[in-house]
Structures are given as C-alpha cells and as structure tokens.
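# Per-entry structural report
Listed below are the residues making up each chain.
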Amino acid sequence: MQNILVIGAHYDDAELGAGGSMAKWIKEGKNVYKLTLTDNVTNFEKKGIKVQAESSIKESSKACEVLGVSEVIIIDLVECTNLIFNKKQMQQIESFIIDYKIDTIVIHYTSDIQQDHIHAATISYVAGRYCDNILMYQSNKYILPEAFYPRYFVDVTKTIELKKEALACYGEGHNRYNSLFDMTIAQNRVEGYKVNMNEKESYAESFMIMKMVERS
Ligand SMILES: [Zn+2]
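Residues numbered from 1 in each chain as written. Predicted model: local features only at pLDDT ≥ 70, side-chain atom pairs only at ≥ 80, totals over all residues. Heavy atoms only, no water.

### Some thoughts on the overall build of the protein chain
On a plain count of helices and strands, the protein chain comes out with six helices and nine strands. Against the 2.2 N^0.38 benchmark of 17 Å for 216 residues, the protein chain shows a C-alpha radius of gyration of 16 Å, consistent with a compact globule. Across its three principal directions, the C-alpha atoms of the protein chain cover 45 × 45 × 35 Å. When burial is assessed residue by residue, the protein chain has 53% of its 216 residues classed as buried. For the protein chain, contacts bridging at least 24 residues in sequence account for 79% of all contacts bridging at least 6. Roughly 10800 Å² of accessible area belongs to the protein chain as shown, and the carbon and sulfur atoms make up 51% of that amount. In the protein chain, the 24 positive side-chain charges and the 29 negative ones have mean positions that sit 3 Å from each other. (Helix = DSSP H or I, 4+ residues; strand = E, 2+ residues; numbered from the N terminus. Rg over C-alpha atoms; globule rule 2.2 N^0.38 Å. Buried < 20%, exposed > 50% of the residue type's maximum accessible area, 1.4 Å probe, protein only. Contact = heavy atoms within 4.5 Å. Areas by Shrake-Rupley, 256 points an atom, 1.4 Å probe, with all protein chains shown as cover. Lys, Arg positive; Asp, Glu negative; His and termini not counted. Charge placed at Lys NZ, Arg CZ, Asp CG, Glu CD.)

### Considerations on the side chain of T159
With respect to the helices and strands, T159 occurs in the loop between β8 (152-155) and α5 (160-167). Discounting residues that sit within four places of it in the chain, T159 has contacts with G20, A23, K24 and K27.

### Some remarks on the packing of aromatic side chains
The tally for this structure, following the rule as stated, stands at five aromatic pairs. Aromatic pair F96 and Y100: ring centres 4.2 Å apart, planes at 20°, arrangement stacked. Note on F96: relative accessible area 6%, which makes it buried. Residues Y109 and F148 carry aromatic rings whose centres are separated by 5.3 Å and whose planes lie at 75° to one another, so their mutual orientation is edge-to-face. Of this pair, Y109 sits in the loop between β6 (104-108) and α4 (115-127) while F148 sits in the loop between β7 (133-137) and β8; the two residues are 39 residues apart in sequence, bridging distant segments of the chain. (Phe/Tyr/Trp six-rings, centres within 6.5 Å; stacked < 30°, edge-to-face > 60°.)

### Quick look at the packing of helix α1 (residues 13-27) against α5
Remark: α1 packs on α5, axes separated minimally by 9 Å, with the N-to-C direction vectors making an angle of 130°. Taken together, the axes of α1 and α5 are oblique relative to one another. Taken as a pair, α1 and α5 cross one another with a handedness that is right-handed. Within the contact between the two elements, α1 uses E15, L16, G19, G20, A23 and K27 and α5 uses L162, K163, A166 and L167. Its residues placed into classes, the contact of α1 with α5 shows five nonpolar, two polar and three charged. (Axes fitted to C-alpha atoms, helices over the stretch in contact; angles between N-to-C directions. Parallel < 35°, antiparallel > 145°, perpendicular 65-115°, else oblique. Left-handed = near helix turned anticlockwise from the far one by under 90°. Nonpolar A, V, L, I, M, F, W, Y, C, P; charged D, E, K, R; others polar.)

### A closer look at the pairing of β7
Taking burial as the measure, the five residues of β7 include five buried ones, the bulk of the element. Of the two faces of β7, the one carrying N133, L135 and Y137 and the one carrying I134 and M136 are both buried. In terms of handedness, the path from β6 via α4 over to β7 forms a crossover that is right-handed. With four bridges joining them, β7 and strand β9 (residues 204-212) adopt antiparallel strand pairing. Residue pairing for β9: I134 is matched across the bridge by K211. (Right-handed = clockwise from strand over helix to strand, strands pointing away. Pairing = 2+ DSSP bridges.)

### Let's talk about the packing of α5 against helix α6 (residues 180-196)
Working note: a packed helix pair is described by the angle between its axes plus the distance between those axes. At a minimum axis distance of 11 Å, the contact between α5 and α6 shows a crossing angle of 165°. Comparing the axis directions of α5 and α6 gives the class roughly antiparallel. Viewed along their axes, α5 and α6 form a crossing whose handedness is right-handed. Across from I160, K163, K164 and L167 in α5, the residues of α6 making contact are F181, T184, I185 and N188. Here the residues of the contact of α5 with α6 sort into four nonpolar, two polar and two charged.

### Let's talk about the environment of L16
With respect to the element layout, L16 can be found in helix α1. Using a relative accessible area of 2% as the deciding quantity, one classes L16 as buried. Separated by 101 residues in sequence, L16 and H117 place their C-alpha atoms 13 Å apart.

### Focus: the coordination of the zinc ion
The coordination sphere of the zinc ion contains the protein donors H10 (ND1), D13 (OD), D13 (OD) and H117 (NE2), at a distance range of 2.1 to 2.4 Å. Coordination at the zinc ion comes from four donor atoms whose angles at the metal span 56 to 137°, giving a geometry best classed as irregular. Between the donor residues of the zinc ion, the gaps in sequence give the motif H-x2-D-x103-H. Linking H10 in the loop between β1 (3-8) and α1 with H117 in helix α4, this pair joins segments that are 107 residues apart in sequence. Comparing H10 with H117, the two get one shared label, buried. (Donors = N, O, S within 2.8 Å, 3.2 Å for Na, K, Ca; no water. Tetrahedral: all angles 85-135°; square planar, octahedral: opposite > 155°, others 65-115°.)

Structure follows, in structure tokens:
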C-alpha cells in the first residue's frame with residue numbers, strides 16, 4: 001500500500017470511515033487522495049437535514065488540509081441522491097488510478113443501505129478492478145442488509161485527534177442528529193479496545209476486505 005485513493009459518495013464519508021487511517025498513512029509517507037462523487041446537496045426537510053454544495057466544498061478542503069490528504073477534483077459531480085453507476089465517472093476514476101499508480105482503493109461497503117453509497121461502491125470497484133487492494137468502510141451507522149463485519153483494522157490512536165479535527169470542519173447538516181461524529185469516534189474507541197485488548201485508550205478504524213494482493 002503506497003498510493004491510496006479513498007472514495008466517498010459525499011464529502012464527509014471518507015473522513016467518517018477512514019479519516020484516522022488517511023492521516024496515519026500520510027505520516028508514513030504514503031500518497032493519499034480523497035475523491036467525492038456527488039455535490040452533497042441535501043434538503044431532507046422531514047428529518048431536518050440541510051446541506052449545501054458551496055459550504056461542503058470548503059469544509060472538505062479544510063478537512064483534507066487537517067489530514068494532509070490531497071483532494072482529487074477531476075470528476076463531474078452528480079446530484080446527491082441521484083448517483084447511479086455511470087461510465088463517465090467510472091472512467092474518470094479509472095484514468096486517475098492508472099495515472100497515479102494507485103495500488104489501493106478504499107470504498108463504501110457494497111451492502112450499504114444509502115442509495116449513493118451503494119452506487120459509489122460499484123463505480124469505485126469497477127474503476128479500481130486492477131488495484132492490488134480494495135478495502136471497504138462504513139461511514140454512517142445504519143443497520144445494513146448484510147452485516148458489516150470487518151477483518152482489517154488500522155490502529156489510529158496516534159491520529160484520532162486529527163480525525164476529530166477533520167470532522168469538526170463540517171457543518172451541522174453533516175453531523176446527523178448532532179451525534180454521528182461522536183458515535184463514530186466512540187465506535188473507533190470500541191474497535192481500538194478489540195484490537196489491543198488492554199487498558200490503554202486506543203482507537204482503530206475497521207475495513208472489510210474485497211481484495212488484497214501481495215506481490216513478489
Ligand atoms: Zn454519505
């Protein structure tokens with residue numbers, strides 16, 4: 001894993017699922033890129049959720065700066081909630097993957113329950129089908145059609161503060177029910193305990209493996 005591309009349907013997905021890992025990989029000298037597929041515009045009045053494009057772009061840019069990650073802006077963004085598999089975005093990502101010699105993609109879980117996440121996963125793994133490693137994360141905390149049972153864990157104890165700082169860049173519309181960010185960090189704490197099994201305050205992010213190749 002040297003050149004890593006993290007793909008999300010919405011601007012905050014990458015940070016929610018892999019923010020601590022992205023910061024860790026950067027500290028280890030790896031090249032880490034973040035790419036978003038929709039404009040993130042949300043007006044879910046019945047749930048009181050409102051997110052705008054302009055503010056999200058600025059917030060994402062700040063969050064990437066905190067983590068040290070390069071944000072990729074090569075994609076024609078699709079309207080939020082209308083993302084479906086499309087050759088145009090797939091080929092744009094595929095082209096980036098080839099040009100930047102991406103060996104690892106980190107993508108949404110294929111059995112997510114949010115429509116943009118599901119299609120983002122498909123677009124991503126088709127575009128990255130030649131990559132050595134494909135890891136899947138869960139950004140939001142829905143109960144899913146098929147369980148998210150991770151097998152790959154990254155100890156993010158040393159970068160959890162950067163993840164908190166990156167999430168804090170986003171406005172309240174992103175922090176669903178004023179709880180999503182805190183619940184994400186709490187889950188990372190539980191995973192840190194599972195990974196380390198000791199009394200120290202540790203944190204981990206977790207991924208399911210679609211594919212992992214070790215080269216000679
Ligand atoms: Zn999302």
